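Below, each chain spelled out in residue letters.
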Amino acid sequence: MKGFQLVRDVVIKHKIQAITDIKESLLLLDHMKKFGTVTSFRFSRDPLTKERTGMAFVSYLHSDDAKEALSNRKQIVDGLRAPLNSIEVSVHIRQPTTK
């Protein structure tokens, strides 16, 4: 049995398909940095159309940072216009990689 792994990854769900401007993307990243040191931040894209799917993935250096980000599931991102400023944060469970 594999050991318990602390959660460091969260997923953001909202209307990010409409966030195409780099400034708006950075506002979302800055919001997530409020909770701790971000080691990875990426938008999910459809493999065929390359358009954003409505999710972004954030990884934190420490599990306590992710726990802090998850403490309030629904959040408002300052600086983004409505309805883009309303996000939902949840745990991202990574699928095991196979070799």
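Rules and cut-offs
- Residues numbered from 1 in each chain as written.
- Predicted model: local features only at pLDDT ≥ 70, side-chain atom pairs only at ≥ 80, totals over all residues.
- Heavy atoms only, no water.
- Helix = DSSP H or I, 4+ residues; strand = E, 2+ residues; numbered from the N terminus.
- Expected span 1.5 Å × (residues − 1).
- Buried < 20%, exposed > 50% of the residue type's maximum accessible area, 1.4 Å probe, protein only.
- Arc of directions from axis to C-beta.
- Contact = heavy atoms within 4.5 Å.
- Pairing = 2+ DSSP bridges.

Caption draft 1: Structural context of helix α1 (residues 22-33). For α1, built from 12 residues, the straight-helix expectation of 16 Å at 1.5 Å per residue is met to within 8% by its first-to-last C-alpha distance of 16 Å. Every buried residue belonging to α1 is among Glu24, Ser25, Leu28, Leu29, His31 and Met32, and all of these are buried. When α1 is viewed along its axis, its buried side chains cluster within an angular range of 155° and face the same direction. In α1, those exposed residues whose orientation departs by more than 90 degrees from the buried face are Ile22 and Lys23. Here the buried face of α1 lies against β1 (9-13), β2 (38-45), β3 (52-60), α2 (63-70), β4 (74-76) and β5 (86-91).

Caption draft 2: Representation of the pairing of β3. The buried count for β3 comes to seven of nine residues, which makes it a mostly enclosed element. Bridge count between β1 and β3: five bridges; the pairing is antiparallel. Within the sheet, the bridge partner assigned to Val11 lies in β3 and is Phe57. Bridging between β2 and β3 involves six bridges; their strand directions are antiparallel. Within the sheet, the bridge partner assigned to Phe43 lies in β3 and is Ala56. Between β2 and β3, which pair antiparallel one after the other, the connecting turn spans six residues, and Lys50 there sits at a positive phi close to 65°.

Caption draft 3: A look at unusual backbone geometry. Here Ala82 and Pro83 are connected by a cis peptide whose omega angle stands at 0°. The topology assignment puts Pro83 in the loop between β4 and β5.

Caption draft 4: Region of interest: the environment of Ile87. Tracing the backbone through its elements, the reader meets Ile87 in strand β5. Judged by its relative accessible area of 2%, Ile87 is buried. Here the alpha-carbon distance between Ile87 and Lys13, two residues 74 residues apart in the chain, equals 5.9 Å. For Ile87, the residues in contact, after removing those within four places along its chain, are Ile12, Lys13, His14, Leu28, His31, Met32, Arg73, Lys74, Gln75 and Val77.

Note that all results are geometric; they support no functional claim without further evidence.
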